[in-house]
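What the coordinates show
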Amino acid sequence: MSGKAKDILKMDLYGLLGIDISATTKEIKKAYRQKALTCHPDKNPDNPKAADLFHQLSQALEVLTDAPAKAAYDKICAAKKQAEERNNKLDDKRKKIKLDLEARERKAEAQTYESVQITRTLEEEIARLREEGSRQLEEEQRLVREQIQREKEAQQTGEYTQRNPGVQRCSMSSVTPKLKLKWKCKKDDETNGGYSQDIIMRLLQKYGDVLNVILSSKKTGSAVVEFATVRAAELAVKNESGLSGNPLKISWLEGQPEVIAPVSQPGHFMSTQAALTNERDYESVVMMRMRQAAERQKLIEKMQREDEDDEGVRS
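On a predicted model such as this, the values are computed, not experimentally measured, just so you know.

1. A few points about helix α8 (residues 197-204)
- Those residues of α8 that sit buried are I200, L203 and L204. For α8, the angular spread of buried residues about the axis comes to 85 degrees, placing them on one side. The exposed set on the far side of α8, more than 90 degrees from its buried face, consists of D198 and R202.
- On the buried face of α8, the contacting elements are β2 (178-182), β3 (210-215), β4 (222-227), α9 (230-239) and β5 (242-243).

Pasting the structure below:
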């Protein structure tokens, strides 16, 4: 038996997650996220046991969200429970005749063989998981990392506000952040300098959700990218350099956050924002999305006019 299978058999996977054997996959994932957020190594840098517990939780999620591995583990747990019950009964019947004892021993040997076969099944399932990789585990760990990152950003924002009570960092909520991209490209280059809509999307999606990529139809080496969040756009401006053979020049077009002057009532801005958030209903959300769609259309038309003006100058 592999070391990993032995380690898993020593653990109570359901007890680790605080669930029972009848829990659904959704309940298992929810329990994992709650436990993992409290013991993630990033949140417990001074606790050496946190990493071990986080690893055990990951093993529990990996086995219990995979149907064949879970079935093998449940079967072993059931066999161990039955064996304990049999041993308790044997303690009360040791005065029985030798024949009865021998019969029990033969039965125990047969059940031990069956237990070995079940254990091998679990070992095979764990080996398969190790080879294929657990998509469930990767997805849940990604969600945990994102949650921790959001908590860190919220904490940093709170600390900044406390240190600078008269300064507020804000941007227009009705304007989605947009960046302008430029790169070297000859007019007759069919590859557009190595950049296509898909390539730009792949380069920038690692910073956050990209809503739209608009390539200039007439002016080569130019595009506009619309992000879902200001944070994603900030990361792209700061970190993305593009293709090594043809780097990108990235600049803000719209939605760049600004630092405004101190306000007379520091708490007024936050209270107003909270009130607006509480009062926002379905209609206001729809109107905001309509405004954003109109802004995108205006941006496209503006690029087309610029392309036509540039074409006229060159001719």
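2. Quick look at the pairing of β3
- Sheet topology note: the β3/β4 ladder contains five bridges and is antiparallel. Within β4, the position partnered with N212 by the bridge is E226.
- In this structure, the hairpin formed by β3 and β4 is closed by a connection of six residues, where G221 is found at a positive phi of approximately 75 degrees.

3. Here we look at the confidence of the model for the chain
- Confidence in the prediction of the chain, expressed as mean pLDDT, is 79, and 75% of residues score 70 or more.
- Low pLDDT, under 50, characterises residues 260-280; the predicted model gives this stretch twelve contacts beyond four residues in sequence or across chains.

4. Structural notes on the nonpolar core
- Counting 33 residues, the largest nonpolar core has L13, L17, Y32 and Y73 as the members making the most contacts within it.
- Put simply, the parts of the chain that give this core at least two residues each are α1 (3-10), α2 (13-17), α3 (25-39), α4 (48-64), α5 (67-92), α6 (98-132) and α7 (135-163).
- Apart from the residues lying within four places of it in its own chain, the contact partners of L13 are I8, A60, V63, L64 and Y73.
- Counting residues in hydrophobic clusters, the runner-up holds 19 residues, among them Y207, A223, F227 and A233.

5. Side note on the pattern of salt bridges
- Throughout the structure, instances matching the rule amount to six salt bridges.
- The partner of E153 in a salt bridge is R231, with the nearest N and O atoms 3.2 Å apart. Of this pair, E153 sits in helix α7 while R231 sits in helix α9, and the two are 78 residues apart along the sequence.
- The exposure class of E153 is partly exposed, given its relative accessible area of 24%.
- Notably, a salt bridge pairs E254 with K178, separated by 3.0 Å at the nearest N-O pair. Linking E254 in strand β7 (residues 249-254) with K178 in strand β2, this pair joins segments that are 76 residues apart in sequence.

Each value, and the rule that gives it
Residues numbered from 1 in each chain as written. Predicted model: local features only at pLDDT ≥ 70, side-chain atom pairs only at ≥ 80, totals over all residues. Heavy atoms only, no water. Buried < 20%, exposed > 50% of the residue type's maximum accessible area, 1.4 Å probe, protein only. Helix = DSSP H or I, 4+ residues; strand = E, 2+ residues; numbered from the N terminus. Arc of directions from axis to C-beta. Contact = heavy atoms within 4.5 Å. Pairing = 2+ DSSP bridges. pLDDT = per-residue confidence, 0-100. Core = buried A, V, L, I, M, F, W, Y, C linked by side-chain atoms within 4.5 Å. Salt bridge = Lys/Arg side-chain N within 4 Å of Asp/Glu carboxyl O.

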